[in-house]
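Each chain, letter by letter, is given below.
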Amino acid sequence: MKNSKITRKITQGMYILTTEGGGCVVDAVARVSGGENSLIAVAVAKNNHTHTLLQQAEKFGLSILGEQAHPKLIETFGFCSSRDLDKFANLKTQEIEGIKVLEDALGYMIMKKVDAIENDTHTLFIGELIEGDITNESDRPMSYAYYQEHKEDLKKVTTEQGKTAWVCTVCGYVYYGDEVPDDYRCPLCGLGKEYFKKKED
Ligand SMILES: Cc1cc2nc3c(=O)[nH]c(=O)nc-3n(C[C@H](O)[C@H](O)[C@H](O)COP(=O)(O)O)c2cc1C
């Protein structure tokens, strides 16, 4: 193949897929039919914990990420696994039809799972839209291409230079501030202040 990155030019968005017990970042989402009860398909890798959860689930949700979404959302949901941490800890969510959706999003869709098509590495879960709302009109939807173009800048936002860095000794997450607050919990692994060590230059 000359360049497999050509698939990054397909216009698709960035979403947080959620279901009972967890969720992950997905971009492989398609509206496969329109109308009031649209069919929405999402491809989920079999080695993701979300895949195991979705196999048992009756419903799933998609929170649509905007370009201004906090980069930590992508860090937590796209690079960590619900096998290791509670991704919803310290996050503002609302529960719709029993599914948690993110407040820091343009809106949400809730689907009833109606089909699942399996291949070697992924399953295409197909859901019928049963609820949805637009909750933020002022941001633009984040496209996968935007993410690819800005991912280095998005990472920089989370490194807030100029402040003392406190590193979680278990997962490596860095908290920036003069002191780690007493009630602070690591957003990645959920552990408390006592697990953070000041980063020495
Ligand atoms: C930009 C981006 C796009 C992603 N798109 C998908 C996707 O479409 N399908 C998928 O299964 N995983 C996708 N992932 C990977 C999962 O979000 C990631 O493996 C996650 O850590 C799985 O978490 P889990 O084990 O809790 O399910 C994407 C990750 C990123 C950063």
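Residues numbered from 1 in each chain as written. Predicted model: local features only at pLDDT ≥ 70, side-chain atom pairs only at ≥ 80, totals over all residues.

Describing the overall build of the protein
Across its full length, the protein holds three helices and 12 strands. Computed over the C-alpha atoms, the radius of gyration of the protein is 18 Å, within 12% of the 17 Å expected from 2.2 N^0.38 for a compact globule of 201 residues. With the principal axes as the frame, the protein shows a C-alpha extent of 55 × 40 × 40 Å. Within the protein, the proportion of its 201 residues that are buried is 29%. Taking the intrachain contacts of the protein between residues at least 6 apart in sequence as the baseline, contacts between residues at least 24 apart amount to 65%. (Helix = DSSP H or I, 4+ residues; strand = E, 2+ residues; numbered from the N terminus. Rg over C-alpha atoms; globule rule 2.2 N^0.38 Å. Buried ≥ 20, exposed ≤ 12 C-beta atoms within 10 Å, placed from the backbone. Contact = placed C-beta atoms within 7 Å.)

Brief notes about the domain arrangement of the protein
What the domain assignment lists for the protein is domain 1 (4-156) and domain 2 (159-201). The C-alpha centroid of domain 2 is placed 28 Å from the C-alpha centroid of domain 1. (Domains from an automatic or database assignment.)

Points about the sheet that holds strand 12 (residues 196-198)
Ordered in space as 11-10-12, the three strands form an open sheet in which the pairing is antiparallel. In this open sheet, the two strands that pair with only one neighbour each are strand 11 (174-176) and strand 12. Neighbour-to-neighbour, the strand axes of this sheet turn through a mean angle of 30 degrees, independent of strand direction. Looking at chain direction, strand 10 (residues 165-168) and strand 12 are connected through three bridges and run antiparallel. Bridging across to strand 12, Trp-166 finds its partner in Lys-198. (Pairing = 2+ DSSP bridges. Axes fitted to C-alpha atoms, helices over the stretch in contact; angles between N-to-C directions.)

Side note on the site of the ligand
The local shell around the ligand holds 21 residues, among which Ala-28, Asn-48, Thr-50, Gly-78 and Ser-81 are the closest. Residue classes in the shell around the ligand are distributed as 12 nonpolar, seven polar and two charged. (Near = placed C-beta within 6 Å. Nonpolar A, V, L, I, M, F, W, Y, C, P; charged D, E, K, R; others polar.)

Focus on the environment of Lys-46
Examined against the element boundaries, Lys-46 turns out to sit in the loop between strand 4 (39-45) and helix 1 (49-56). According to the C-beta neighbour criterion, Lys-46 is partly exposed, with 13 such atoms within 10 Å. For the pair formed by Lys-46 and Asn-119, sequence separation is 73 residues and the distance between their alpha carbons is 9.3 Å.

Quick notes on the nonpolar core
In terms of nonpolar packing, the biggest core is built from 33 residues, with Tyr-15, Ile-16, Leu-17, Phe-60, Leu-65, Leu-73 and Ala-105 touching the most fellow members. A per-element tally of this core places strand 8 (residues 107-118) first, with four residues. Counting seven residues, the second largest nonpolar core, distinct from the first, contains Trp-166, Cys-168, Tyr-173 and Phe-196. (Core = buried A, V, L, I, M, F, W, Y, C linked by C-beta atoms within 7 Å.)

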